[in-house]
Amino acid sequence: MKRIRRFFPLGIRQQLMLWYSAVFAVLLLLAATLFYARFQATLDRSLDTALQLQAQQIAGDITPNADGTMSIQDATAELPGFDPRDQRQHLPAADVNLGVLVRVLTADGQLFRTTPTFHTLVVPAESISQPLHGQPWQGDITTVDGQPVRLYSRALTQDGKIFGVVQVGTTLSLVNTSLSTVGTVLLIVSPLVLVLGALVSFWLASRAFAPMKRVIQTARAIKAGDLRQRVPFPRAHDEVYQLTLTLNEMIDSLEQTFMRQRRFVADASHELRTPVTVIRSKTDLALLQVFPPEDYVGIFRAIHAEAERLGRLISDLLALAHADEGQVYLEREIVHLDLLVEAVAATVEPLVSEHGVALQVRTTSPVNVLGDEARLMQVVMNLLENAIRYSNPGGNVFVAVHAKHAQACLMVRDTGIGIAPEHQPYLFDRFYQVDPARMGIEGGNSGLGLAIVDWIVKAHGGSIQVESQVEQGSTFTILLPLHVAV
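Residues numbered from 1 in each chain as written. Predicted model: local features only at pLDDT ≥ 70, side-chain atom pairs only at ≥ 80, totals over all residues. Heavy atoms only, no water.

A. Inspection of the sheet that holds strand β7 (residues 161-171) at higher detail. With antiparallel pairing, the five strands of this open sheet are ordered in space as β4-β3-β7-β6-β5. Looking at the sheet topology across the chains shown, the edges are occupied by β4 (111-114) and β5 (137-142). Sheet twist, expressed as the mean angle between neighbouring strand axes with direction ignored, is 20°. Across the sheet, helix α2 (residues 12-60) lies against β3 (101-106), β5, β6 (148-158) and β7, angled at about 35° from β6, the strand it touches most. (Pairing = 2+ DSSP bridges. Helix = DSSP H or I, 4+ residues; strand = E, 2+ residues; numbered from the N terminus. Axes fitted to C-alpha atoms, helices over the stretch in contact; angles between N-to-C directions. Contact = heavy atoms within 4.5 Å.)

B. Representation of the pairing of β7 in the model. Counting buried residues in β7 gives eight out of eleven residues, a clear majority hidden from the surface. Where β3 and β7 come together, six bridges link them in antiparallel fashion. Directly across from L105, in β7, lies its bridge partner V165. Relative to β7, β6 runs antiparallel, the two sharing ten bridges. Opposite R154, over in β7, you have V166 as the bridge partner. (Buried < 20%, exposed > 50% of the residue type's maximum accessible area, 1.4 Å probe, protein only.)

C. Up close: the packing of aromatic side chains. Under the counting rule described, the total for this entry stands at one aromatic pair. Relative to F39, the ring of F35 has its centre 6.2 Å away and its plane inclined at 15°; by these criteria the two rings are stacked. Here F35 pairs with F39, and both are found in helix α2, just four residues apart, close to one helical turn. Cation over ring: R113 sits above F112, and NZ or CZ is 4.4 Å from the ring centre. (Phe/Tyr/Trp six-rings, centres within 6.5 Å; stacked < 30°, edge-to-face > 60°. Lys NZ or Arg CZ within 6 Å of the ring centre and 35° of its normal.)

D. Inspection of the packing of α2 against helix α5 (residues 173-208) at higher detail. Put simply, α2 and α5 touch, their axes get as near as 9 Å, and they point 160° apart. On the basis of their axis angle, the class for α2 and α5 is roughly antiparallel. In terms of crossing hand, the pair formed by α2 and α5 is right-handed. Counted by class, the contact of α2 with α5 contains 21 nonpolar, eight polar and two charged residues. (Parallel < 35°, antiparallel > 145°, perpendicular 65-115°, else oblique. Left-handed = near helix turned anticlockwise from the far one by under 90°. Nonpolar A, V, L, I, M, F, W, Y, C, P; charged D, E, K, R; others polar.)

E. Expanded view of the nonpolar core. Core analysis: the biggest nonpolar cluster contains 41 residues, and L359, L383, L384, F476 and I478 have the highest contact counts within it. For this core, the elements supplying multiple residues, two or more each, are α9 (337-347), α10 (349-355), α11 (373-389), β11 (396-404), β12 (407-414), α12 (449-459), β13 (463-469) and β14 (473-481). With eight residues, the single largest contributor to this core is α11. When sequence neighbours within four positions are dropped, the list of residues in contact with L383 reads V412, L450, V453, F476 and I478. (Core = buried A, V, L, I, M, F, W, Y, C linked by side-chain atoms within 4.5 Å.)

F. Layout of empty space enclosed by the protein. A full pass over the atoms with the stated rule returns one cavity of 30 Å³ or more. Estimates place the volume of the largest cavity at around 50 Å³. Mapped by element, the contributors of at least two residues to the lining of the largest cavity are α11 and β14. Element by element, the count of residues in the lining of the largest cavity is highest for α11, at three residues. The class makeup of the residues in the lining of the largest cavity is eight nonpolar, no polar and no charged. (1 Å grid on protein atoms, 1.4 Å probe; cavity = no way out; pocket = protein on both sides within 12 Å on 5 of 7 lines; lining within 4 Å. Points joined across faces, edges and corners; volume = space filled by probe spheres on them.)

G. Up close: α9. Turning to α9, its buried residues number three or more, namely L337, D338, L340, V341, V344 and A345. Burial along α9 is one-sided: seen end-on, the buried residues are contained in an arc of 160°. The exposed residues of α9 that point more than 90 degrees off its buried face are A346 and T347. (Arc of directions from axis to C-beta.)

H. Local environment of a nonpolar patch on the surface. The grouping of F24, V185, I188, V189, L192 and V193 at the surface amounts to a nonpolar patch, some 490 Å² of accessible area in total. In terms of residue count, the dominant contributor to the nonpolar patch is α5 (five residues). Positionally, V185 belongs in helix α5. (Patch = residues over 30% accessible without salt bridge, like charges linked within 9 Å, V, L, I, M, F, W, Y side chains within 5 Å. Areas by Shrake-Rupley, 256 points an atom, 1.4 Å probe, with all protein chains shown as cover. Salt bridge = Lys/Arg side-chain N within 4 Å of Asp/Glu carboxyl O.)

I. Quick look at unusual backbone geometry. Despite not being glycine, D159 shows a phi value in the positive range, around 55°. Inspection of the secondary structure puts D159 in the loop between β6 and β7. We classify D159 as exposed; its relative accessible area is 81%. One non-glycine residue, H405, adopts positive backbone phi at about 55°. Locating H405 in the fold gives a position in the loop between β11 and β12. For H405, a relative accessible area of 71% puts it in the exposed group.

Set out below in structure tokens:
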């Protein structure tokens, strides 16, 4: 089959037809073989039964005499050659297919009576000696010219004493002719049945794959760019139905992915356009007018701030793009999460002082996780910066790390402006911003910080949750697998 597919590529219907035909051919061969063997056994059994009945009938017509001779009566006495007065006993041997094959022997193995046709048989000695010892003999022999004959020998007994042997035979020509006829019919009919089965299997395969044509047509329409189309479901809940369901689910996923991609490109273009526009306007202003040196310092600082914002945005976009493609490699090392939080808290002290908020850090005991220290530091940094930036002056930011039920728990809570319930499900979407007015905050906000946090946490096998109320603050809770030293 592999060689056929190599030189002659076949479709599924042709392959199914070939497989069905091959299996059907094997089954047909087995059935024909069993039928032929069963038919042959039936013919042999019928022939043997007929010979045994004939021998039994002849034995019933023969009785022993007191002088050691035998008397033959009834129909057996009328057999050709059995009556001493019958002139036919001196006739030449006839064809075994036409004559009667019967012979009677005495107890010492001497010929008593025989039909003329029996003289043409080549009779083995055991066919006489075995019945004289009380065991019937049966077997296939041949004539002097090679014609097959079935011979049956049995003892003649009276009162348990053997006084002779009777042998009957019949030609096997009719049996062999019947077997040959049946074999010929099987050889002629089997290929015809096999060809008919192949055609029927091809027709059934075509009907079975008819629903696949609708799937192909719809798939071609979708390939043209229309992701709104769906594959029609068949009536039967079979494998084609499952395939259709899977394809529709895949198309739904692709449509959502393309929509997210379009939105991502549009949002990224918008976010990149803003700092570029600011930089261009500042440079155009500096080129068109002459300012005092101190004014140029302010312009350069604004350009530098926008360039930094643009760099962070590009870095975040590349990080998310690589994450989507699975090209980001995360280190797997023991990270002391409590010490990491303390280090990040010390780093953001200038930002805390600038916004006039109070930062509290609580680490009760060493908490270790297995992961990428740089990425986890990025998570803590983003959460703390958001908490500080969106807290009112005089507010509080609280960060805590502790172990809880084989998990490391990192909690960042603030008393800032909070997040409305309708916005919370979308906080970790890319470029999602709760309030466009927050774009005016120094340092800018691209809407990618929490998306990166969510990706890093999930890449470490953890989860993140948020609880928030407007004007009361927000609480971000991160759970990571706790590393326990063995």
